[in-house]
Amino acid sequence: MNEGIDRSRRRAVTALVLIGPAQSLGVAAMLLALPGPLGLGINLLSRAWMVAFPLFWAVRIERVRLPFGKPSRAGLMLGLATGVVILLVMLGAYALIADRVDLPSLRSRARQTGFDDPFQFAAMFGFIILLNSLLEEFVWRWFVYRQLETLTPARWGWEARQGMAVALAALAFTVHHVVALSAWVDGGLVVLGSLGVFLGAVVWSALFAYDRTLWPCYVSHIFADVAIVIIGYDVLFRMTM
């Protein structure tokens, strides 16, 4: 029995090493190291890896079912409720700091990445809301969370193990957002934004732990991305007096 547990833990560590850095590397290439077509291509390759690797690992190594089963009604309602709260909190926080945003700097960064074009902005954020949020839930909640759950000490109670996995999965999810935020804003806004991402990820990991399907956390995540679109549009395209 111990041998089986040790094998599962070694397998979980291997999976985390192979998936964990991928999104951070893609984001860093696109926004920091190689802005332009090359960086975008590297980012797209990292996204492809983040889909292909968990699928391969689940089907060929773990031999588990994918998390697209029917969610519970309670899970969906929790996803909807938390999503609305997250959206309102994000818009409220932005309203408090909007006057401190360095618009010229952000718009300069947007020109480098092509986000200053309204059509490209709409296409990118359409992808982010509908597909990227599902991809992130698939990777960070279903795949990464379960690996971390496997690594929590077996002597702990189940609730404690879930709590630790929720916190660690949220922390892992936050890393590539720190990289992305660093490309757009400085100092305190990076800290504030990263804290917000971490708290949102705690909510989504907890939703997955509760329902064991992606749909509640996906629904909640969509609201957060809608808030980002609203904020991003206001920052990049609003007229200044």
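A. View of the overall build of the chain. Across its full length, the chain carries nine helices and zero strands. From first element to last, N terminus to C terminus, the chain shows the α and β order α-α-α-α-α-α-α-α-α. Here the C-alpha coordinates of the chain stretch approximately 70 × 40 × 30 Å along the principal axes. Looking at the 241 residues of the chain, the share that counts as buried comes to 42%. For the chain, the accessible surface area stands at approximately 12700 Å², while carbon and sulfur atoms represent 71% of it. For the chain, the distance from the average position of its 20 positive side-chain charges to the average position of its 15 negative side-chain charges is 9 Å.

B. Summary view of a nonpolar patch on the surface. Among the surface-exposed residues, Val51, Leu55, Leu66 and Phe68 lie close enough to one another that they form a single nonpolar patch of about 280 Å² accessible area. As for its placement among the helices and strands, phenylalanine 68 is situated in the loop between helix H3 (37–62) and helix H4 (73–97).

C. Layout of the side chain of arginine 161. Residue placement: arginine 161 occurs in helix H7 (residues 158–184). As a buried residue without a salt bridge, arginine 161 has its nearest oppositely charged side chain in glutamate 149, at a separation of 6.6 Å.

D. How the structure looks around the packing of helix H8 (residues 187–211) against helix H9 (residues 215–237). Two elements in contact, H8 and H9, have axes whose closest approach is 8 Å; the angle formed by their N-to-C orientations is 160 degrees. When the interaxial angle is binned, H8 and H9 end up roughly antiparallel. Seen from above, H8 lies across H9 with right-handed handedness. Contacts between H8 and H9 pair Val203, Trp204, Leu207, Phe208 and Asp211 from the former with Pro216, Cys217, Ser220, His221 and Ala224 from the latter. In terms of residue class, the contact of H8 with H9 is made up of seven nonpolar, two polar and one charged.

E. View of the environment of leucine 34. Tracing the sequence through the fold places leucine 34 in the loop between helix H2 (22–33) and H3. Placed 96 residues apart in sequence, leucine 34 and leucine 130 show a C-alpha to C-alpha distance of 26 Å.

F. Representation of the nonpolar core. Counting 32 residues, the largest nonpolar core has Val139, Phe143 and Val144 as the members making the most contacts within it. Secondary structure elements with two or more residues in this core: helix H1 (2–19), H3, helix H6 (118–151), H7, H8 and H9. Here this core takes nine residues from H6, the largest share from any one element. If sequence neighbours within four positions are ignored, valine 139 has contacts with Ile19, Met50, Pro54 and Val144.

G. Examining the confidence of the model for the chain more closely. This prediction gives the chain a mean pLDDT of 88; 95% of its residues lie at or above 70. Taken element by element, the predicted model of the chain shows its lowest mean pLDDT in helix H5 (residues 103–113) (72) and its highest in H4 (95).

H. Representation of H4 in the model. For H4, spanning 25 residues, the distance from its first C-alpha to its last is 37 Å, which sits close to the expected 36 Å at 1.5 Å a residue. Every buried residue of H4 is accounted for by Gly75, Gly79, Gly83, Ile86, Leu87 and Tyr94. Contact partners of the buried residues in H4: H8 and H9.

I. Region of interest: the pattern of salt bridges. Counted by the stated rule, this structure contains three salt bridges. We note a salt bridge from arginine 146 to glutamate 62, for which the minimum N-O separation is 3.0 Å. Taken as a pair, arginine 146 in helix H6 and glutamate 62 in helix H3 lie far apart in primary sequence, 84 residues in all. Accessibility expressed as a relative area gives 14% for arginine 146, which makes it buried. Of the residues examined, glutamate 62 reaches a relative accessible area of 16% and is grouped as buried.

J. Spotlight on the environment of valine 101. Tracing the backbone through its elements, the reader meets valine 101 in the loop between H4 and H5. As for valine 101 and valine 144, which are separated by 43 residues in sequence, their C-alpha atoms are 34 Å apart. Not counting residues up to four positions away in its chain, the partners in contact with valine 101 are Tyr94, Leu106 and Val235.

K. Quick peek at H3. With 26 residues, H3 extends 36 Å between its outermost C-alpha atoms, agreeing within 8% with the 38 Å of an ideal straight helix rising 1.5 Å per residue. Of all the positions in H3, only Gly39, Asn43, Ser46, Arg47, Met50, Phe53, Pro54, Trp57, Ala58 and Glu62 are classed as buried. Downstream of H3 by one or two residues, arginine 63 has phi in the positive range, about 55 degrees.

Basis of the calculations
Residues numbered from 1 in each chain as written. Predicted model: local features only at pLDDT ≥ 70, side-chain atom pairs only at ≥ 80, totals over all residues. Heavy atoms only, no water. Helix = DSSP H or I, 4+ residues; strand = E, 2+ residues; numbered from the N terminus. Buried < 20%, exposed > 50% of the residue type's maximum accessible area, 1.4 Å probe, protein only. Areas by Shrake-Rupley, 256 points an atom, 1.4 Å probe, with all protein chains shown as cover. Lys, Arg positive; Asp, Glu negative; His and termini not counted. Charge placed at Lys NZ, Arg CZ, Asp CG, Glu CD. Patch = residues over 30% accessible without salt bridge, like charges linked within 9 Å, V, L, I, M, F, W, Y side chains within 5 Å. Salt bridge = Lys/Arg side-chain N within 4 Å of Asp/Glu carboxyl O. Axes fitted to C-alpha atoms, helices over the stretch in contact; angles between N-to-C directions. Parallel < 35°, antiparallel > 145°, perpendicular 65-115°, else oblique. Left-handed = near helix turned anticlockwise from the far one by under 90°. Contact = heavy atoms within 4.5 Å. Nonpolar A, V, L, I, M, F, W, Y, C, P; charged D, E, K, R; others polar. Core = buried A, V, L, I, M, F, W, Y, C linked by side-chain atoms within 4.5 Å. pLDDT = per-residue confidence, 0-100. Expected span 1.5 Å × (residues − 1).

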